[in-house]
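The primary structure of each chain is shown beneath.
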2 protein chains.
Amino acid sequence: MKVLITGVAGFIGSHLADHYLAQGVQVAGIDNFSTGQSEFLVGANKNPGFKLFQSDLFNYTNTEKILKEFKPDAVVHLAANADVRFGLNHPRKDLEQGTICTFNILEASRQAGVKQFAYSSTGSVYGEPTVFPTPESCSFPIQTSLYAASKLAGEALIQSYAEGYGIKGYIFRFVSILGERYTHGHIFDFAKKIKANSKSIEVLGDGNQQKAYLYVGDCIRAIDHIMKTQNEKINIFNLGPDEYLTVNQSLDVICKTMNVQPTRDYTGGKRGWIGDSPFIFLDCTKLKKTGWKATRTIRESVEITLKYLLENSWLLERRS
Amino acid sequence: MKVLITGVAGFIGSHLADHYLAQGVQVAGIDNFSTGQSEFLVGANKNPGFKLFQSDLFNYTNTEKILKEFKPDAVVHLAANADVRFGLNHPRKDLEQGTICTFNILEASRQAGVKQFAYSSTGSVYGEPTVFPTPESCSFPIQTSLYAASKLAGEALIQSYAEGYGIKGYIFRFVSILGERYTHGHIFDFAKKIKANSKSIEVLGDGNQQKAYLYVGDCIRAIDHIMKTQNEKINIFNLGPDEYLTVNQSLDVICKTMNVQPTRDYTGGKRGWIGDSPFIFLDCTKLKKTGWKATRTIRESVEITLKYLLENSWLLERRS
């Protein structure tokens, strides 16, 4: 069994590589190291079953060459523009790093005879839904961010490739993922701000945004489990927990763990930024019916993440 | 009032240009003439209110230059890869001529301060729905063709631009359009085949595919009407008739009009090709509530189209 992971030096990609390598699976990884961290691959690099390609998916020729050299059975495409919040500052970035790179790795996978193609989509493709928890079959959504628009474009490409060329598609609509090696998002931002100033902290929006978060280990096990047990032409699964937390509650956990009590300065409004969904809570009944179960609560995940960041302050300092 | 139309030398684009020019609107058109026909612009070219730019939307720099020179109030983006059936032969074509060109004209429109951006999407974005007629709010679809995947990607881009930058979005999910200047599709293919051989004709699929078709004049009036009367951030409308015809019934009308009785050789199967939806019938209640009404039945539209093609056999001969 050979698996290729894109974005392998990222938060989720590096965990997935470790997970597969522990099973004896041969793993190749692609990363352009725009946001990936070589430190995350220290373990994988020691394993002879691991092969790293430093390459950008935007370069189709290189991508096809790598795929034809490694000949994976399955591809897990995790690479993306992680800079969700600032999408409106550079609208071409999500098109290029999202849609076009997804096309490139998908087409290269077809050319190399890949059988399974898995993709990290997002719960944000539901836009601002009216049904909570939101099931995979909810009504035709309207996109509110360039990030989600590029993820939806990627989903649609994979679906039409599955229909037209017979490659099996696995689409995972993630909530935000937490855990060791977490590199961006609200806990990262809060921890960084509190380290700089423990007296007061800026909170985007009114702090009442409700969000679901999943522990990275639970995310990894879900991907592996679904790809091993599900065999439809297109397999679409929400991936999240049974609960959610407000941004304020999440900050409560962080403040308690860090033993600080900063005053909170709210920027105001229901949304932290344009395109921020004020409520993300996915219906994961379909996933749970396959036998998967989350092992960590959101509060535990927040604590683990924060502890990791405080023990690895190089990461807080490196990423702005 | 100034309107820019992409794909202006195409079937629908040239009608829309004529329609606006007749109202005294200033019209600019962009076309790369890959499938556009200069003959369709004979009328428009005589009007001093019309300006034609021969340019490819894939070239962003040129596109932005044209937009900044003409400074339209509204853009109607109709240009696309019309070669739906053969999408699987060249998967990059829909990405480039669909998704990327849509991004380019949308971004250039934002840079030029355009207020309204209208887009010809397709009923095919519903994939193979289970509800008929299919409403705009049906459940989250799964794409079955690269053409529809690129249209959905375009919809998502426009939605996120509307949310993020305030440009008003108009998304029209068309059924197939019929009428004068029709350049591709089943009537075109049938007429061409019968002219070559009136004794027997190949029919893709089992001939029982059910399809809705709309007269081009009704389509044009709907676009104009919706853009004048609707003012939401995002305005999404199905655009089709209250009826549908099977491919066989459509062939009946064609054979009767041409006074031939070829034997029918079916290629078999429910679908004419991979990604061909066996039943397209859109719920246009939302559109009709705005006061719009179709003026032609499908049968009338088929007859008008066929008559036009027989009187303009240069078109049948030119396009393969």
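Residues numbered from 1 in each chain as written. Chains lettered and ligands numbered in written order. Predicted model: local features only at pLDDT ≥ 70, side-chain atom pairs only at ≥ 80, totals over all residues.

**Q** Explain the domain arrangement of chain A to me, using residue names and the numbers behind them.
**A** All names here are of chain A. Looking at the assigned domains, one finds that chain A contains domain 1 (2-177 + 213-239) and domain 2 (180-212 + 243-282 + 289-318). Taking the mean C-alpha position of each, domain 1 and domain 2 sit 24 Å from one another. The partner domain 2 presents 23 residues to the 34 residues of domain 1 that form the contact. Only α1 (11-22), β10 (213-215) and α7 (216-229) provide two or more residues apiece to the side of domain 1 that touches domain 2. Residue contributions to the side of domain 1 that touches domain 2 peak at 8 residues, all from α7. (Domains from an automatic or database assignment. Contact = placed C-beta atoms within 7 Å. Helix = DSSP H or I, 4+ residues; strand = E, 2+ residues; numbered from the N terminus.)

**Q** I'd love a proper account of the interface of chain B and chain A, names of residues and values included.
**A** Contact residues are listed per partner, giving 29 residues for chain B and 29 residues for chain A. Elements with a contribution of two residues or more to the side of chain B that touches chain A: α4 (91-111) and α5 (146-165) of chain B. With 10 residues, α5(B) is the largest single contributor of residues to the side of chain B that touches chain A. Across the side of chain B that touches chain A, the residue classes tally to 16 nonpolar, 10 polar and 3 charged. (Nonpolar A, V, L, I, M, F, W, Y, C, P; charged D, E, K, R; others polar.)

**Q** How would you summarise α1(A) if you had to cite specific residues and measurements?
**A** Residue and element names in this part refer to chain A. When the terminal C-alpha atoms of α1 are compared, their 17 Å separation across 12 residues agrees well with the 16 Å that a helix rising 1.5 Å per residue should span. If you check which residues of α1 are buried, you get F11, I12, G13, S14, H15, L16, A17 and Y20. A positive phi of about 85 degrees marks G24, the residue just after α1. (Expected span 1.5 Å × (residues − 1). Buried ≥ 20, exposed ≤ 12 C-beta atoms within 10 Å, placed from the backbone.)

**Q** Quick rundown of the nonpolar core? Include the residues and the values.
**A** In terms of nonpolar packing, the biggest core is built from 186 residues, with A:C219, A:L239, B:C219 and B:L239 touching the most fellow members. Filtering out sequence-adjacent residues up to four positions away, A:C219 remains in contact with A:I12, A:F174, A:I177, A:L214 and A:L239. (Core = buried A, V, L, I, M, F, W, Y, C linked by C-beta atoms within 7 Å.)

**Q** Can you lay out the sheet that holds strand β9 (residues 210-211) of chain B for me, pointing to particular residues and giving the numbers?
**A** Residues and elements named next belong to chain B. Taken in spatial order, the 3 strands of this open sheet run β12-β9-β14, and their pairing is mixed. Each edge of the open sheet carries a strand with a single partner, namely β12 (245-246) and β14 (279-280). With 2 bridges connecting them, β9 and β12 associate as antiparallel partners. When the sheet's bridge partners are listed, Q210 is paired in β12 with T246. (Pairing = 2+ DSSP bridges.)

**Q** Can you tell me about the packing of helix α6 (residues 186-196) of chain A against helix α8 (residues 247-258) of chain A, naming the residues and giving the values?
**A** All names here are of chain A. Direction vectors running N to C along α6 and α8 enclose 45 degrees, while the axes themselves pass 11 Å from each other. Taken together, the axes of α6 and α8 are oblique relative to one another. In the packing of α6 onto α8, the handedness of the crossing is right-handed. Every residue of α8 that contacts α6 at H186, I187, F190, A191 and I194 is listed here: V247, S250, L251, I254 and M258. Within the contact of α6 with α8, the residues separate by chemical class into 8 nonpolar, 2 polar and no charged. (Axes fitted to C-alpha atoms, helices over the stretch in contact; angles between N-to-C directions. Parallel < 35°, antiparallel > 145°, perpendicular 65-115°, else oblique. Left-handed = near helix turned anticlockwise from the far one by under 90°.)

**Q** Tell me about the environment of A:E69, residues and numbers included.
**A** With respect to the secondary-structure elements, A:E69 resides in helix α3 (residues 60-70). The sequence separation of A:E69 and A:G205 amounts to 136 residues, and the corresponding C-alpha distance is 48 Å.

**Q** For the relation of the copies chain B and chain A, give the residues involved together with the corresponding values.
**A** Put simply, the two copies of the chain differ by a rotation about an axis and a shift along that axis. When chain B is brought onto chain A, the operation consists of a screw motion whose angular component is 180 degrees and whose axial shift is 0.0 Å, with 0.0 Å RMSD remaining. Such a combination of rotation and displacement between the chain copies is what one expects of a two-fold axis. Of all interface residues in chain B, 100% are interface residues in chain A too; the two copies therefore contact each other through one and the same surface. (Least-squares fit on C-alpha atoms with pLDDT ≥ 70 in both.)

**Q** Can you tell me about the confidence of the model for chain A, naming the residues and giving the values?
**A** Averaged over chain A, the pLDDT score is 96; the fraction of residues at 70 or greater is 99%. What the predictor reports for the complex is a pTM of 0.97 with an ipTM of 0.96. (pLDDT = per-residue confidence, 0-100.)

**Q** Pulling in residues and values, what's your account of α3(A)?
**A** Residue and element names in this part refer to chain A. Every buried residue belonging to α3 is among T63, I66 and L67, and all of these are buried. For α3, the angular spread of the buried residues around the axis is 95 degrees, confining them to a single face. For α3, the exposed residues set more than 90 degrees away from the buried face come down to T61, K68 and E69. The secondary structure elements touched by the buried residues of α3 are β1 (2-6), β2 (26-31), β3 (50-54) and α4 (91-111). Downstream of α3 by one or two residues, K71 has phi in the positive range, about 50 degrees. (Arc of directions from axis to C-beta.)

**Q** Tell me about the sheet that holds strand β9 (residues 210-211) of chain A, and please be specific about residues and values.
**A** Here 3 strands make up an open sheet; going across it, the order is β12-β9-β14 (chain A) and the pairing mixed. A strand with exactly one partner marks an edge of an open sheet, and here the two such strands are β12 (245-246) and β14 (279-280) of chain A.

**Q** Kindly report on unusual backbone geometry, identifying the contributing residues and their values.
**A** Residue and element names in this part refer to chain A. Each neighbour pair has its own omega, and for F132 with P133 the value is -10 degrees, a cis peptide bond. Topologically, P133 is positioned in the loop between β5 (116-122) and α5 (146-165). Even without being a glycine, K71 presents a positive backbone phi close to 50 degrees.

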